[in-house]
Amino acid sequence: MIPMRALTALCGWLLLALVAFAGPAQAQQADAGGEPPAYSTLADLLENAESRQQLIDQLRGLAADTPGAEAASAAADAAATPSLPRQLAQATSRIASEIGTQLASAAEAVGGLVAGSAEASASFDMAAFSEAAINLGLVILATVALFLIIRWLAKPVFTRISQWSLTDQGLNPVLRLVLCVALAALIDVLVVALSYVGGNLVATFAVGEAGELSTRASLFLNAFLVIELLKAGVRMLFSSRYEGLRLLPIPAADASYWNRWIARLIGLVGYGLMVVVPLISAYLAPTLGQSVGTLIMIGAFVYAVAVVLSNRKRLRDALNRKAQQTTMAASRVSLQLFARTWHLFALAYFVMVLVLTLTRAADALPFVLIATLKTLATVLVGMLASSFLTQTIGRQIRLSDDLRRKLPLLEPRLNSYVPNALRVIRVLILISVIMVVLSAWGAFDLASWYASEAGRELVGKVVSVIVILAVAAAAWLGLASLIEHKLNPETGGGVPSARAQTLLALFRNALAIALVTMTAMIVLSEIGINIGPLIAGAGVLGLAIGFGAQKLVQDIITGIFIQVENAMNTGDVVTLGGITGTAEKLSIRSVGIRDLSGTYHIVPFSSVDTVSNYMREFGNHVGEYGIAYRESIDEAIEQLKLAFEDLQASEEHGHQLLEPLSVAGVVALADSSVNIRVIIKTTPGDQWAVGRAYNRLVKLRFDEAGIEIPFPHSTLYFGEDKQGRAPAANVRMLEAASRRRPAEDAPGDDSRHGVQEIADADHRQPNESEV
């Protein structure tokens, strides 16, 4: 059962086609049915100069006497032009009347033949008809048999070409497929041509009168040539037997189904209109032939509509699966939309063909055939071109190992640009296909449009924009690759300095901004947009932004001078804005600093007054070491030098020392220590590690030499009496048992009471009662 939605759409297309094509046909018939004008009389009047002048004067006088003639004529034309519903009703009524008349005439002719009326008997010779039918049947049988035999003989050739198309690896797959299909099509056309020539020879010398080609045989042979050539074109698209000779990427079962269906439709319409209808019109009755032609077209229309509606869901699912495999969003959406509406386009096409057959069969059907062939060829060429580009430049680009080593970012950059370029090319191909298809159906005159000034200008602008974008992309690839080459330690001038890395990175960013801005301006200018006001507006806007964002401007200006003066680079340890750390990222506006705790700071250049860089040329470890007042300064300096010699001998830090140890001498007599300063000159950035290692060695040397490194401590003072002696300190025992000293301690130690002997030997020891 036909779905209601499809039936509604079919009726709508039928009504639109009736309005579109029935009006001109009706006007042509009205012109043909009216009385012919007196052309000879008008020609005689125009040949005579005197009569021609009189006619002109009379027409001018009539125009002057009737000032409202133009308005009246316009009103009459408007009144004479029927409305759209009226045109639709008139067209439908006329076509239905014609069909009814044709069917009635056909029934009358058949009835006359069956009843054996005198008129029918006089116009119909059964013996001649039987002989003509037998001769035509022999020609048909010989031509078809010859076609099948030749095609069977060519079968190994088709098989070998198909295998070469599937297995060869020398050419691009799409190019190889096109070559194989073209070669197979040429052989197929040759088979049809040989069969046609053989049929002509059989019809001329073996059937009927020798040396004479009958009209009947000529009708069939011409129809055979046209129809088999069309079928050969269909076999190029839906080759069901040879996998390597099928242009459309569909399974063999689907290809066999559509090939069989289209071949039946072409055979039914072609042989019916080109053979059956002319023979019936010649041997039976013209009205009967015309009616049979109408019935053939109606039957083909019903058959086509039934096939379209029965495969609507099947083809929709196939198109949706194809859309899911598409990477381009526009193509995916277009395929999904076409999957939902393809049957409407097919129904519209068949409705148009039917209406043209019923209204303007003489001049419209050849136009439809040619337009259909142009449409199929254009769509096929567009699909093949898109597939060829996809397989040629759409694959992953692989550069040589040496080039990847020199320019490691070039390959991913190319692989990111090529898909976008491929999308643009596909869009251009789609637009070209649509324009050619519209031109094929007369909706758009492509040749006249391109010949016009507007067409040439538009095409020139599109080509110019494409060239500008291609040149900009090539310039960016070249310059970015050059910068990358300079930054690569394996291919440039060795490991680039931090300054070079920073400046080249900033230059690359500035280059990208400049290229994008210039390309946009040139493209806008090329497509006809006046960029003068745009530039002026950008200047005013920039000035306004400059006043409103003074901090931003200050950031940029200060950043430019910092970079020009080489104040710091990425990787340097700096102090700026009160923050000390490693500069990880530099831009034209700010610097990113990672401090010792791992915190990442972004410092705008406008807040930077001073840049302290610890990574310029060399670094110094400045160490101050305090010794006790009782120690020898010279001995301490000697131990400091020995510690430096130990540092020089170490594998980890020896290569980081640039000069011998510099001893500045005693820099301070502090409260509890004598401070000695030394300076160690190191490679930039290594002063902290060298200082830590040197401090360790100094501690080890001082301990080994017995040099005291004073540390803060407190001294208890008990005062003294008038004789200058210190009074005894009253010690109260807090524990029941006192700590015992070792046996080797001095005998003067009173271990029982936990009293330690004092250093002063003259000091009076307290007795037991005093304690």
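1. Quick notes on the overall build of the protein chain
Secondary structure summary: the protein chain contains 24 helices and 8 strands in total. Within the protein chain, the proportion of its 771 residues that are buried is 30%. For the protein chain, the share of sequence-separated contacts (at least 6 apart) that also reach a separation of at least 24 residues comes to 65%. Within the structure as shown, the protein chain displays about 47200 Å² of accessible surface, and the carbon and sulfur contribution to it stands at 63%.

2. A short note on the sheet that holds strand β7 (residues 662–669)
The strand order across the open sheet formed by 3 strands is β6-β8-β7, and the pairing between neighbours is antiparallel. Each of the sheet's edge strands pairs with one partner strand only, and the pair in question is β6 (619–627) and β7. Averaged over neighbouring strand pairs, the angle between their axes works out to 25 degrees when direction is ignored. Sheet topology note: the β6/strand β8 (residues 674–682) ladder contains 9 bridges and is antiparallel. The residue bridging Gly 623 from the neighbouring strand is Val 678, located in β8. Where helix α23 (residues 633–649) meets the sheet, it contacts β6, β7 and β8, and its direction lies at approximately 25 degrees from that of β8. Here helix α24 (residues 687–705) sits on the sheet in contact with β6 and β8, set at roughly 25 degrees to β6.

3. Remarks on the packing of α23 against α24
For the pair α23 and α24, interaxial distance at closest approach is 9 Å and the crossing angle is 130 degrees. Taken together, the axes of α23 and α24 lie oblique to each other. The chirality of how α23 crosses α24 is right-handed. Contacts from Glu 635, Ala 636, Gln 639, Leu 640, Leu 642, Ala 643, Phe 644, Asp 646 and Leu 647 in α23 reach Val 690, Ala 693, Tyr 694, Leu 697, Val 698, Arg 701, Phe 702 and Ala 705 in α24. Looking at the contact of α23 with α24 residue by residue, the classes come out as 13 nonpolar, 1 polar and 3 charged.

4. Side note on the nonpolar core
Within soluble globular proteins, side chains that are nonpolar generally end up buried alongside one another. Val 139, Phe 158, Phe 238, Leu 245, Leu 247, Trp 261 and Phe 350 are the most contacted members of the largest nonpolar core, which totals 62 residues. Among the secondary structure elements, those contributing two or more residues to this core are α7 (126–153), α8 (155–167), α9 (173–206), α10 (215–237), α11 (252–283), α12 (286–310), α14 (329–359) and α15 (361–393). Looking at this core, the element that brings in the most residues is α14, giving 12 residues. Setting aside its immediate chain neighbours within four residues, Phe 158 contacts Arg 151, Ala 184, Ile 187, Asp 188, Tyr 242 and Leu 245. In terms of nonpolar packing, the next biggest core, distinct from the first, is built from 21 residues, Ala 643, Leu 647, Leu 657 and Phe 702 among them.

5. Overview of the pattern of salt bridges
Enumeration according to the criterion identifies 17 salt bridges in this entry. Ionic pairing is found between Arg 235 and Asp 188, a salt bridge with its closest N-O pair at 2.8 Å. Of this pair, Arg 235 sits in helix α10 while Asp 188 is found in helix α9, placing the two residues 47 residues apart along the sequence. Glu 584 is the salt-bridge partner of Arg 594, the closest N and O atoms lying 3.1 Å from each other. Here Glu 584 lies in strand β2 (residues 579–586) and Arg 594 lies in strand β3 (residues 590–594), a separation of 10 residues in the sequence. Classification of Arg 594 by relative accessible area gives partly exposed; the value is 31%. Shared partners join several salt bridges into a network, and the residues in it are Arg 151, Asp 188 and Arg 235.

6. As for the sheet that holds β2
In space, the 5 strands of this open sheet follow the order β4-β3-β2-β1-β5, with antiparallel pairing throughout. Only two strands of the sheet have a single neighbouring strand rather than two, namely β4 (600–604) and β5 (612–613).

7. Some words on the packing of aromatic side chains
Each aromatic ring pair is summarised here by two numbers: the centre-to-centre distance and the angle between the ring planes. Evaluation of the coordinates by the stated rule reveals 12 aromatic pairs. Relative to Tyr 271, the ring of Phe 220 lies with its centre 6.0 Å away and its plane at 20 degrees, an arrangement referred to as stacked. Of the two residues, Phe 220 sits in helix α10 while Tyr 271 sits in helix α11, which places them 51 residues apart along the sequence. Judged by relative accessible area, Tyr 271 falls into the partly exposed class, the value being 22%. Ring geometry for Trp 261 versus Tyr 303: centroids 6.4 Å apart, planes at 40 degrees, classification tilted. With Trp 261 in helix α11 and Tyr 303 in helix α12, this pair connects stretches of sequence that are 42 residues apart. Taking the relative accessible area as the measure of exposure, Trp 261 reaches 8% and is therefore buried. Note on Tyr 303: relative accessible area 26%, which makes it partly exposed.

8. Looking at the side chain of Gln 639
Following the sequence through the fold, Gln 639 ends up in helix α23. When neighbours within four sequence positions are excluded, Gln 639 is seen to be in contact with Arg 701, Phe 702, Ala 705 and Ile 707.

9. Here's the deal with the packing of α8 against α9
Between α8 and α9, whose axes approach to 9 Å, the crossing angle comes to 175 degrees. Classified by the interaxial angle, the pair formed by α8 and α9 is roughly antiparallel. Residues Val 157, Phe 158, Ile 161, Trp 164 and Ser 165 of α8 form the contact with α9, whose participating residues are Arg 176, Leu 177, Cys 180, Leu 183, Ala 184, Ile 187 and Asp 188. Of the residues contributing to the contact of α8 with α9, the split by class is 9 nonpolar, 1 polar and 2 charged.

10. Quick word on the pairing of β7
The sheet contact formed by β7 and β8 spans 6 bridges and is antiparallel. When the sheet's bridge partners are listed, Val 666 is paired in β8 with Ile 676. Here β7 folds back onto β8, and the loop between the two strands holds 4 residues.

11. Overview of α24
Given a rise of 1.5 Å per residue, 19 residues ought to cover 27 Å, and the 26 Å separating the end C-alpha atoms of α24 matches this to within 8%. Along α24, the residues that are buried comprise Gln 687, Val 690, Gly 691, Ala 693, Tyr 694, Leu 697, Val 698 and Phe 702. On its buried face, α24 is in contact with β6, α23 and β8. Phi turns positive one or two residues past the end of α24, at Gly 706, with a value near 75 degrees.

12. A short note on α23
For α23, with 17 residues, the first-to-last C-alpha span of 25 Å sits near the 24 Å given by 1.5 Å per residue. Buried within α23 we find Ala 636, Ile 637, Gln 639, Leu 640, Ala 643, Phe 644 and Leu 647. All buried residues of α23 project into a common sector of 160 degrees when viewed along the axis, lining one side. Of the exposed residues in α23, those oriented more than 90 degrees away from the buried face are Asp 634 and Ala 649. Between the side-chain oxygen at the start of α23 and the backbone nitrogen of Glu 635 there is a gap of 3.4 Å, and the oxygen is on Ser 632.

13. Looking at unusual backbone geometry
For Glu 617, which is not glycine, the phi torsion reads 65 degrees and is therefore positive. Its place among the elements puts Glu 617 in the loop between β5 and β6.

14. Let's talk about the confidence of the model for the protein chain
Note: predicted coordinates in regions of low pLDDT should not be interpreted at a detailed level. Averaged over every residue, the pLDDT of the protein chain is 74; the share at 70 or more is 68%. Across the protein chain, the element-wise mean pLDDT spans from 44 in helix α1 (residues 4–33) up to 92 in β8. Low pLDDT, under 50, characterises residues 737–761; the stretch is placed with 19 contacts to residues that sit more than four places away or in other chains.

15. Remarks on the environment of Arg 312
Considering the arrangement of structural elements, one finds Arg 312 in helix α13 (residues 312–324). Here the alpha-carbon distance between Arg 312 and Arg 340, two residues 28 residues apart in the chain, equals 8.7 Å.

About the criteria used
Residues numbered from 1 in each chain as written. Predicted model: local features only at pLDDT ≥ 70, side-chain atom pairs only at ≥ 80, totals over all residues. Heavy atoms only, no water. Helix = DSSP H or I, 4+ residues; strand = E, 2+ residues; numbered from the N terminus. Buried < 20%, exposed > 50% of the residue type's maximum accessible area, 1.4 Å probe, protein only. Contact = heavy atoms within 4.5 Å. Areas by Shrake-Rupley, 256 points an atom, 1.4 Å probe, with all protein chains shown as cover. Pairing = 2+ DSSP bridges. Axes fitted to C-alpha atoms, helices over the stretch in contact; angles between N-to-C directions. Parallel < 35°, antiparallel > 145°, perpendicular 65-115°, else oblique. Left-handed = near helix turned anticlockwise from the far one by under 90°. Nonpolar A, V, L, I, M, F, W, Y, C, P; charged D, E, K, R; others polar. Core = buried A, V, L, I, M, F, W, Y, C linked by side-chain atoms within 4.5 Å. Salt bridge = Lys/Arg side-chain N within 4 Å of Asp/Glu carboxyl O. Phe/Tyr/Trp six-rings, centres within 6.5 Å; stacked < 30°, edge-to-face > 60°. Expected span 1.5 Å × (residues − 1). Arc of directions from axis to C-beta. Polar contact = N/O pair within 3.5 Å; in protein donor to acceptor, adjacent residues only side chain to side chain. pLDDT = per-residue confidence, 0-100.

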